[in-house]
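Secondary and tertiary structure notes
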Amino acid sequence: MSFNTFSNNIASIEGGAFKYVETAPVFLTQNNVFVGETNNAIYGPNYAAYSVKMRLKIFEPLGDDINLAKMSIFFLTGKRYYFFEKLKTIPYCMILQ
Amino acid sequence: MMIDETLLVVDYCYFLENESNSGSALYAIEIMVRYIAIQNTIFMENTGADCVIGGMYTTLIFAYSNVTNNTIKAISFTKKSNLTLSACFFAFQQCSTSSKGCFITLTLNSFIIIYGAVVYDVVSESEGGFIYLESSNLTIVLLTVMQVLATQGACVEGTKYSDVIIQNSSFQYYSPDCMYFSDSNIMMQNVNISDSIYALAVMSNPDLTGASVITMINCPLIVISQLQINNNMGITDYGGALFIQMQDLDNPMSIISDSTFYANSAGQWGGAIYINNQNLTLLGNTFMNNNAQYGGAIYFDCQGNEIFFPPNLKFLKILHSQIVIILIM
């Protein structure tokens, strides 16, 4: 088995070596080497796997424009939080899971 | 030069300051010339509307020749042409916005093999600084490219179901990216890419958009081994070295093995690699000194859970806030 080696990689926020969204990539369960404590991030110095991102299509109520926003789910201190990114001035959205 | 033979051999010639609408030095089509062999020849300071050497339905062998200081693309072939380039030198080329592929353009089921070539100092105002492909096959062995500027795919751009194989080659000092592929199959082995000059290029052209070193969009097959990508800093938000995006592909396959990603960065996601699909196999790679905000080395996004809402469903009102926190469970 060939190893992937991660060293001195830095994420300023999440996933020093890598971050994945939703399903873990296959290679994550295979052999990877994180050298010492050289990878760094605020959340997940080696990898961040604890957040899930969903995509929502947002409609403006009086227009045909379709905008794409992102809803993220974060787990912090045992609770699950959802928040929208980049919604800005859109007054309404619809949610469906 | 008008050609009326089926075989043309050009040896020890010098094409200087010629001008024409198409093929300022030489243009060939099958009915007049099916095979061209050019060797020990210099093409210099030719100008015109399209290309220095052009043709269709033609086989070209181009060896031991220099193409320098022309103001139009050097070689343009289409419609099932076959080209072999060997031991050639391409340098000091400037092309306008209408000229995709500043040195070589290949379209419509054409094939090209480049074995042993040096490319130096290209400034293109269009895509595909060195070579641009559409629906064609490219094989590169032993190519050295240095100092290439374009708007996209500074060294190589392949689109529309092209097949690209690159072996034992090096690319250095390029902007804004090195290679751009869409809807194409990619195989690379022992390729060295380093030192983006995007930061310098953007000083003279503030409108220039940054990009990953290699962008691969909807490429069903990506097989990369012994690739080295080094020193590409902060030129894009997604994937400092590789940007891999797959949409509407049934069974895409991406394998990256025995490769090194050193000192690459992205503004946001994936200092070395950004991929929006889980079908990536990584074996024996080294990721070192890469950085980003999310995923210092790699960021895996995904296609899943994109939800479409019909407009008559439940509304949720959002009041006076740009970030809304909702507990849904």
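Parameters and conventions
- Residues numbered from 1 in each chain as written.
- Chains lettered and ligands numbered in written order.
- Predicted model: local features only at pLDDT ≥ 70, side-chain atom pairs only at ≥ 80, totals over all residues.
- Heavy atoms only, no water.
- Helix = DSSP H or I, 4+ residues; strand = E, 2+ residues; numbered from the N terminus.
- Buried < 20%, exposed > 50% of the residue type's maximum accessible area, 1.4 Å probe, protein only.
- Contact = heavy atoms within 4.5 Å.
- Areas by Shrake-Rupley, 256 points an atom, 1.4 Å probe, with all protein chains shown as cover.
- Domains from an automatic or database assignment.
- Buried area = accessible area lost by both parts, 1.4 Å probe.
- Salt bridge = Lys/Arg side-chain N within 4 Å of Asp/Glu carboxyl O.
- Polar contact = N/O pair within 3.5 Å; in protein donor to acceptor, adjacent residues only side chain to side chain.
- Nonpolar A, V, L, I, M, F, W, Y, C, P; charged D, E, K, R; others polar.
- Patch = residues over 30% accessible without salt bridge, like charges linked within 9 Å, V, L, I, M, F, W, Y side chains within 5 Å.
- Pairing = 2+ DSSP bridges.
- pLDDT = per-residue confidence, 0-100.
- Phe/Tyr/Trp six-rings, centres within 6.5 Å; stacked < 30°, edge-to-face > 60°.

**Some remarks on the overall build of chain B**
- Counting secondary structure elements, chain B contains 1 helix and 33 strands.
- Per-residue burial for chain B yields a buried fraction of 52% across its 329 residues.
- For chain B, the proportion of contacts with a sequence separation of at least 24, taken over those separated by at least 6, is 72%.
- Only carbon and sulfur atoms are counted for the fraction: they give 52% of the accessible area of chain B, which is about 13700 Å².

**Focus: the domain arrangement of chain B**
All names here are of chain B.
- Parsing chain B into structural domains produces domain 1 (1-209) and domain 2 (212-329).
- Listed as interface residues are 23 residues of domain 1 and, on the opposing side, 22 residues of domain 2.
- Carbon and sulfur atoms supply 51% of the area buried between domain 1 and domain 2, which totals about 1900 Å² over both sides.
- In this structure, the connection of domain 1 to domain 2 is made through 0 salt bridges.
- Run the count over domain 1 and domain 2 and you get 22 residue pairs in polar contact (both at pLDDT 80 or more).
- Counting only elements with at least two residues in the side of domain 1 that touches domain 2, the list comes to strand 19 (179-182) and strand 20 (185-196).
- Of the residues forming the side of domain 1 that touches domain 2, the biggest block, 12 residues, is contributed by strand 20.
- Tallied by class, the residues present in the side of domain 1 that touches domain 2 amount to 12 nonpolar, 8 polar and 3 charged.

**Observations concerning the side chain of asparagine 285 of chain B**
All names here are of chain B.
- Its place among the elements puts asparagine 285 in the loop between strand 27 (280-283) and strand 28 (286-288).
- The exposure class assigned to asparagine 285 is buried, which follows from its relative accessible area of 0%.
- For asparagine 285, the side chain forms a polar contact with the main-chain nitrogen of aspartate 258, separated by 3.3 Å.
- There is a polar contact of 2.9 Å between the side chain of asparagine 285 and the backbone nitrogen of serine 259.

**With respect to the environment of glycine 296 of chain B**
- Summarising the element assignment, glycine 296 of chain B is placed in the loop between strand 29 (291-294) and strand 30 (298-300).
- Residue class for glycine 296 of chain B comes out buried when judged on its relative accessible area of 0%.
- In this structure, the C-alpha to C-alpha distance between glycine 296 of chain B and threonine 84 of chain B, residues 212 residues apart in sequence, is 41 Å.
- Leave out the neighbours within four places in its chain, and glycine 296 of chain B touches Asn9, Ile10, Ala11, Gly15, Gly16 and Ala17 of chain A together with Gly270, Gly271, Ala272, Asn290 and Asn291 of chain B.

**Thoughts on a nonpolar patch on the surface**
Residues and elements named next belong to chain A.
- A surface patch of nonpolar side chains, amounting to about 220 Å² of accessible area, comprises Phe3, Val33 and Val35.
- Looking at the element boundaries, phenylalanine 3 is found in the segment before strand 1 (4-7).
- Residue classification places phenylalanine 3 among the partly exposed positions, given a relative accessible area of 43%.

**Thoughts on the side chain of lysine 19 of chain A**
- Residue position: lysine 19 of chain A is located in strand 3 (residues 18-20).
- On the basis of relative accessibility, which here comes to 4%, the residue lysine 19 of chain A falls in the buried class.

**So, the pattern of salt bridges**
All names here are of chain A.
- Per the counting criterion, the structure on display carries 3 salt bridges over all chains.
- The shortest N-O distance in the salt bridge between glutamate 14 and lysine 19 comes to 3.1 Å.
- In this structure glutamate 14 comes out as buried when scored by relative accessible area, which is 1%.

**Notes on the pairing of strand 27 of chain B**
Residue and element names in this part refer to chain B.
- Burial along strand 27 is one-sided: the face carrying Leu280 and Leu282 is buried and the face carrying Thr281 and Leu283 is not.
- Of the strand pairs in this sheet, strand 24 (residues 253-257) and strand 27 are connected by 4 bridges, and their pairing is parallel. Within strand 27, the position partnered with isoleucine 256 by the bridge is leucine 282.

**Focus on the confidence of the model for chain A**
Residues and elements named next belong to chain A.
- The predicted model of chain A has a mean per-residue pLDDT of 60, with 39% of residues at 70 or higher.
- Looking at the elements of chain A, mean pLDDT is at its lowest for strand 9 (residues 92-94), recorded as 38, and at its highest for strand 1, recorded as 88.
- Contacts of residues 50-97 to residues separated by more than four positions or lying in other chains number 143 contacts, the stretch itself having pLDDT below 50.

**Here we look at the confidence of the model for chain B**
- Across chain B, the average pLDDT comes to 82, with 88% of residues at or above 70.
- Across residues 303-329 of chain B, where pLDDT falls below 50, the model places 67 contacts with residues more than four positions away in sequence or in other chains.

**Quick look at the pairing of strand 1 of chain A**
- Here 3 bridges tie strand 1 of chain A to strand 4 (residues 32-34) of chain A, and the two strands are oriented parallel to one another. By the bridge assignment for strand 4 of chain A, asparagine 4 of chain A is matched with asparagine 32 of chain A.
- Direction of pairing for strand 1 of chain A relative to strand 28 of chain B: parallel, over a ladder of 3 bridges. Counted as the bridge partner of phenylalanine 6 of chain A is phenylalanine 287 of chain B from strand 28 of chain B.

**What about the packing of aromatic side chains?**
- One pass over the structure, following the stated rule, counts 18 aromatic pairs over all chains.
- An angle of 50° between the planes, with centres 5.6 Å apart, marks the rings of phenylalanine 6 of chain A and phenylalanine 18 of chain A as tilted. Here phenylalanine 6 of chain A is found in strand 1, whereas its partner phenylalanine 18 of chain A is found in strand 3, with 12 residues between them in sequence. Exposure class is identical for phenylalanine 6 of chain A and phenylalanine 18 of chain A. Each is buried.
- Measuring from ring centre to ring centre gives 5.0 Å for phenylalanine 261 of chain B and phenylalanine 287 of chain B, while their planes differ by 5°; the resulting arrangement is stacked. Taken together, the residues span a long stretch of sequence, with phenylalanine 261 of chain B in strand 25 (residues 260-264) and phenylalanine 287 of chain B in strand 28 at a distance of 26 residues. The same class applies to phenylalanine 261 of chain B and to phenylalanine 287 of chain B, which are both buried.
- Among the aromatic side chains, those forming a connected cluster through ring pairs are Phe6, Phe18 and Phe34 of chain A together with Phe261, Phe287 and Phe300 of chain B.

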